[in-house]
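# Summary of structural features
Each chain, letter by letter, is given below.
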Amino acid sequence: MTSPADRRSAPDEPSTPVVAGFEDYEIPDSVHLAAPFDGIPPVIDTVAGLERAAAAVAAGSGPAAIDTERASGFRYGQRAFLVQLRREGVGTVLIDPEATGSLAVLGEALSGVEWVLHAATQDLPSLRALGMEPDRLFDTELGGRIAGLRRVGLAAETEELLGYTLAKEHSAVDWSKRPLPRDWLNYAALDVEMLIQLRWAMEELLREKGKLEWALQEFEAVRTAEPAPPRQDPWRRTSGINKVKGRRQLTALRGLWEERERLAQHKDVAPGRLLPDAALVAAATAMPRTVPQLIATPGFHGRLAAREAPRWLRAIAEARTATELVPFTVKSDALPPVKAWEVKRPEAAARLRALKPLVAELAEAHELPTENLITPEHLRRFCWQPPKSTTDQAVADRLRDLGARRWQVELTAPVLGPAWRELRARKRAARQVERDQPPAGDEDAPAA
């Protein structure tokens, strides 16, 4: 395998020869890449420009490195405000999807082409919303996890495997800003500058460790995963909701949350920038009746809060007169919190206590994060409702039913199966002992 030191020269650049008199020169551990090798391309912001770029991308060769920049915490939702793409024979392409609209023509140009993304689950939803869907996928972040790298950020992996450090100072800025500053575009272009080289280095590392097939199965699982269904009662995830004690106050909180959501969507602003969760909780708890009382509530300060005061007071008034109040809890397919298992299903708690350390030990032996060896939710559901049979086949079938990939089943079933059999045997032995015990007060029972 090529060592990191061998990868530190620029692409297609011969290794630097040893020069007499420079034997004591210290070679740096990494080379700082401050700007793309080809410079920063202009941002494509017209449909005609997008069509020309799509034609160029279609004529390129090899995988396509893709990334997006969103405005999380600034704008409503998770749509992409910049899409970066790089492919051999094309170079880097920067696209403003707010100006061009759908990128379906670009998706068609990439038909059959492997996409290389870093942490694909973050970018795929916004790309799909723009009409782009991958036929093949390689995720360098997920690959790094499976390879056992301790740091799996893009900059960390690029430095470790390629010998380049990348600037990462603009990762949390408002990408909806127009025009985008040149240093932001420089950062965005660097995100795909080395991504294809990183992909090949990651494949080599995974192959060396005998984990390439595992990674390929994971990439395909990410690519084909169904979109997450809408959350049931998303307002129940309001931070600090446990401070709201009464059902009427809880109804007020729901009304306030829904009003904030509608206003945020209308203004295209992140909900938390309108009002923080703490303000909603404070208003639902105090149930103010007048504008002065509302403005005196923590979190309701500034002109926006005053201007929208009728909106918030209306939500509270509706809760005050509501005849149907929201329940404290709702039925859900979600498992109870693990800390409640001892009361609700103690045998499941015992299974989790026994199996979790075994899974952690197995993950460590294979240099894997435990959550990548087996999804924590899959392990919890296995413990909550294990197969009736304790055979390895039954255990494997149950894991597959839960969504575990083939490689995960092959590694974990031989460990979970024997442990499940031992737990079942212990339970049967304990029941037998209970049956053999004489009734309390039996005079014929032998003395202890």
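Nothing here was measured: the structure is a model prediction, and the numbers come from that model. (Residues numbered from 1 in each chain as written. Predicted model: local features only at pLDDT ≥ 70, side-chain atom pairs only at ≥ 80, totals over all residues. Heavy atoms only, no water.)

## Some words on the overall build of the chain
Secondary structure assignment for the chain yields 21 helices and eight strands. Computed over its C-alpha atoms, the radius of gyration of the chain comes to 28 Å, more than 25% above the 22 Å expected for a compact globule of 448 residues. Viewed in the frame of its principal axes, the chain has a C-alpha envelope of about 100 × 65 × 45 Å. Looking at the chain as a whole, 45% of its 448 residues are labelled buried. (Helix = DSSP H or I, 4+ residues; strand = E, 2+ residues; numbered from the N terminus. Rg over C-alpha atoms; globule rule 2.2 N^0.38 Å. Buried < 20%, exposed > 50% of the residue type's maximum accessible area, 1.4 Å probe, protein only.)

## Side note on the nonpolar core
Ranked by internal contacts, the top residues of the largest apolar core, which has 84 residues, are I66, L106, L110, W115 and L399. Looking at this core element by element, the count peaks at eight residues for helix α21 (residues 406-436). In contact with L106, not counting residues within four places along its chain, are L50, A54, V57, L85, I95 and M132. With 27 residues, the next largest nonpolar core counts L250, L253, F300 and I316 among its residues. (Core = buried A, V, L, I, M, F, W, Y, C linked by side-chain atoms within 4.5 Å. Contact = heavy atoms within 4.5 Å.)

## Topic: the pattern of salt bridges
By the definition in use, this model includes 29 salt bridges. R207 is paired through a salt bridge with E203; the nearest N and O atoms lie 2.3 Å apart. Placement of the pair is R207 and E203 together in helix α8 (residues 195-208), with a separation of four residues, close to one helical turn. According to the relative accessible area criterion, E203 is buried, its value standing at 15%. The partner of D397 in a salt bridge is R400, with the nearest N and O atoms 2.6 Å apart. Taken together, the residues D397 and R400, both in helix α20 (residues 392-402) and three residues apart, mark about one turn of the helix. Connected through salt bridges with shared partners, the residues E259, R262, E308, R311 and R314 form a single ionic network. (Salt bridge = Lys/Arg side-chain N within 4 Å of Asp/Glu carboxyl O.)

## Comments concerning helix α19 (residues 376-384)
Listed in full, the buried residues belonging to α19 are H378, L379, F382, C383 and W384. Those residues of α19 that are buried lie in contact with α16 (341-344), α17 (346-365), α20 and α21.

## Comments concerning the pairing of strand β7 (residues 136-139)
Relative to β7, strand β6 (residues 114-117) is paired through four bridges, and the arrangement is parallel. Bridging from a neighbouring strand, V116 pairs with F138 of β7. Handedness of the β-α-β unit built from β6, helix α4 (residues 120-129) and β7 comes out right-handed. (Pairing = 2+ DSSP bridges. Right-handed = clockwise from strand over helix to strand, strands pointing away.)

## What about the environment of Y164?
You can see Y164 is positioned in strand β8 (residues 164-166). The spacing of Y164 and R405 is 241 residues in sequence and 34 Å in space, taken between C-alpha atoms.

## A word on unusual backbone geometry
The peptide bond linking R178 to P179 adopts the cis configuration, its omega dihedral lying at -5°. On the secondary structure map, P179 appears in the loop between β8 and α7 (182-193). Backbone geometry places D233, a non-glycine residue, at a positive phi of 50°. Assignment of secondary structure puts D233 in the loop between α9 (212-224) and α10 (247-267). A positive phi is found at E367, a non-glycine position, where the angle reads about 55°. Within the element layout of this structure, E367 appears in the loop between α17 and α18 (370-373).

All we've got here are geometric facts, nothing functional implied.
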